[in-house]
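Here is what each chain is made of, one letter per residue.
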Amino acid sequence: MASKIARLVETIVEATATPYPVDRYLELIDPMITWRDTRAKVTDVRLQTDRSVTLTLRPTRQWSGHRAGQYIEVSVVVDGVRHRRFFSPANAEQKASEIELTVTAHSGGFISRYLREQTRPGTVLTLSSATGEFVLPDVRPDRTVLVSGGSGITPVLSMLRTLIVEGHDRPVTFVHYARTPEDVPYRAELDALDRTLNHVDVRLHYTRTDTPEHFHDDHLDGVADVDGAQVFLCGPPALMNAVREYADRRDLADRLHTEAFTVDTSPVLDPDQPITGDVTYTASDVTTPNDGRTLLEQAEAAGLRPEYGCRMGICFSCTKVRKTGCTRNILTGELDSEPDQHIQICVNAPVGDVEIEV
């Protein structure tokens, strides 16, 4: 009964707030006072490496916690435009009052650079609920292997921290790839865990040193190929592909769990089907030759600024109407030529002439 009354009150309040959601009015008083939105105030900012920033956040009451490995959508408004990106909390699985995000600022990453360069204690961010299937099983594995590269360290670090907090004492191997030792956030913590916990084995490999160490079978032999070992992998495409190939060779693909922060959007070149046609952006009155890349990438190359979020087909922020023509979903390979269809332009590439409402 109480929940029905609460929903009724919420409906009435939202109706009286038309044409804007009630949170748009509440944020004028205090951005941390919300009715539905989940927001979080930055309480601490740490620069662990030359390219990253670690933010400690205090979320509003709507935050229901996360499972280790999941991700959340973080949105900020810059110059009147809302931008969205996905990041995985690095702290242990919990319904705690704090969230820890470590963000690597890439040269072309608008939001990652904004979070590193502009965020200060007191900054308020908008969050989504945690989501994603890249999580530890409810029954923890007898042997866990965590493999990451670059910014992919955060979801598997959350898994490692969760197992430690729970008192899990079965073997855990943590394998991470970074450009140099200075590029590893949490390096001091990882070194300490490696020294003090007998069941935790931390292996750091560096890809841009005098003796670069890219993925090799030896890095996982004896741990990942042990019967029952569960492998959790997150990192850049080259690492992901190499470990998947290893898993196929060792017949452990069914025990490999993966999460990707990026997708490979490079054009698929088929000598029997050359790239042809033009892309017409009907809302902008712009037409450019089709170069095979995704519609989002081609629109940006044409000087347009369509809204987007994850750039990997998850958040639907970039959905636009394809008026005419055929597109190929780069994740599934499927072709679609039905007119006036909503498509995600970050994961769809034109096949021939296409008109898109951008």
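Counting from 1, residues in each chain are numbered in the order their sequence is written. Per-residue local features are limited, in this predicted model, to residues with pLDDT of at least 70; the limit for side-chain atom pairs, both in listing and counting, is 80 or more; totals at the level of whole chains, interfaces and linings are taken over all residues. The side-chain figures draw on all heavy atoms in the structure; neither hydrogens nor water molecules are used.

By the naming in an unreviewed UniProt entry, the protein chain goes by Ferredoxin reductase and is assigned to Gordonia cholesterolivorans. As recorded by UniProt, the Cofactor (unreviewed entry) comment attached to the protein chain reads in full: "FAD". UniProt positions are given in the numbering used here, feature names are shortened, and annotations may be inferred rather than shown by experiment.

Enquirer: How would you sum up the overall build of the protein chain? Please name residues and give values.
Expert: Scanning the protein chain for helices and strands turns up 7 helices and 17 strands. Note on contacts: a residue pair is in contact if any heavy atoms of the two residues lie within 4.5 Å. Pairs at least 24 residues apart make up 64% of the contacts formed inside the protein chain by residues separated by at least 6 positions. Per-residue accessibility takes into account occlusion by the displayed protein chains alone, with areas from the Shrake-Rupley method and a 1.4 Å probe. Summed over all atoms, the accessible surface of the protein chain reaches about 18100 Å², with 49% contributed by carbon and sulfur. Going along the chain from the N terminus, every DSSP run of H or I of four or more residues is numbered as a helix, and every run of E of two or more is numbered as a strand.

Enquirer: Can you tell me about the pattern of salt bridges, naming the residues and giving the values?
Expert: By definition here, a salt bridge exists when the distance from a side-chain nitrogen of Lys or Arg to a carboxyl oxygen of Asp or Glu is within 4 Å. For the structure shown, the criterion picks out 17 salt bridges. Across the pair D201 and R203 runs a salt bridge, and its minimum N-O distance is 2.8 Å. Between R249 and D217 there is a salt bridge, with the nearest N and O atoms lying 2.6 Å from each other. Residue R249 is located in helix α6 (residues 237-249), and its partner D217 is located in the loop between β9 (200-206) and β10 (230-234); the two are separated by 32 residues in the primary sequence. Any residue under 20% of the maximum accessible area for its type is buried, any over 50% is exposed, and the rest in between are partly exposed; the area is computed with a 1.4 Å probe on protein chains only. Judged by its relative accessible area of 16%, D217 falls in the buried class.

Enquirer: How would you sum up the sheet that holds strand β6 (residues 124-127)? Please name residues and give values.
Expert: Strand order in the open sheet made by the 6 strands is β4-β3-β6-β1-β2-β5, with antiparallel pairing throughout. Looking along the sheet, the strands with just one partner apiece sit at the ends: β4 (81-87) and β5 (99-104). On average, each strand axis in the sheet is inclined to that of its neighbour by 40 degrees, with strand direction left out of account. Geometry is summarised by axes, namely lines fitted to C-alpha atoms with helices restricted to the contacting stretch, and by angles between N-to-C directions that run from 0 to 180 degrees. Packed on one face of the sheet, helix α3 (residues 110-117) meets β2 (52-59), β3 (72-78), β4, β5 and β6 and runs near 75 degrees to β3. Should DSSP find at least two bridges between two strands, the strands are taken to pair.

Enquirer: Account for α3, with residues named and values stated.
Expert: Of all the residues in α3, the buried ones are I111, S112 and L115. All buried residues of α3 fall inside an arc of 100 degrees around its axis, so they share one side. Buried residues belonging to α3 abut β2, β3, β4, β5 and β6. By arc we mean the arc of the directions from the helix axis to the C-beta atoms, nothing more.

Enquirer: An account of the pairing of β10 is requested, with residue identities and associated values reported.
Expert: With 5 of 5 residues buried, β10 lies mostly within the body of the structure. A two-sided burial pattern is seen for β10, the buried positions comprising Q230, F232 and C234 on one face and V231 and L233 on the other. As defined by bridge partners, β10 adjoins strand β11 (residues 256-259) across 4 bridges and the pair is classed as parallel. Bridge pairing in β11 places L233 opposite T258. The parallel pair β10 and β11 is bridged by α6, and the resulting crossover is right-handed. When the strands point away from the viewer and the connection leading from the first strand across the helix to the second strand turns clockwise, the crossover is called right-handed.

Enquirer: Let's hear about a negative patch on the surface: which residues, and what values?
Expert: Patch construction takes residues with relative accessible area above 30% that form no salt bridge. Like charges are linked within 9 Å, and nonpolar side chains (Val, Leu, Ile, Met, Phe, Trp, Tyr) are linked within 5 Å. Positive charge is attributed to Lys and Arg, negative charge to Asp and Glu, and no charge count is given to His or to the chain ends. Each charge is placed at NZ for Lys, CZ for Arg, CG for Asp and CD for Glu. Taken together, E245, D248, D251 and D254 make up a surface patch of like negative charges. One can find D254 in the loop between α6 and β11.

Enquirer: Go over the pairing of strand β17 (residues 348-356) with me, naming the residues and quoting the values.
Expert: Here strand β12 (residues 278-281) pairs with β17 via 3 bridges, running parallel. Residue pairing in the sheet places V279 in a bridge with V354 of β17.

Enquirer: If you had to explain the sheet that holds β10 to someone new, which residues and values would you point to?
Expert: Pairing within the open sheet is parallel, and its 5 strands lie in the order β9-β8-β7-β10-β11. Where the open sheet ends on each side, the last strands, each with one partner, are β9 and β11. Each strand axis lies, on average, 15 degrees off the axis of its neighbour in the sheet, ignoring direction. In the packing of helix α4 (residues 153-165) onto the sheet, contacts are made with β7 (144-149), β8 (172-178), β9 and β10, and the angle to β7 comes to roughly 150 degrees. The sheet contacts of α6 involve β7, β8, β10 and β11, and relative to β11 the element is tilted by about 165 degrees.

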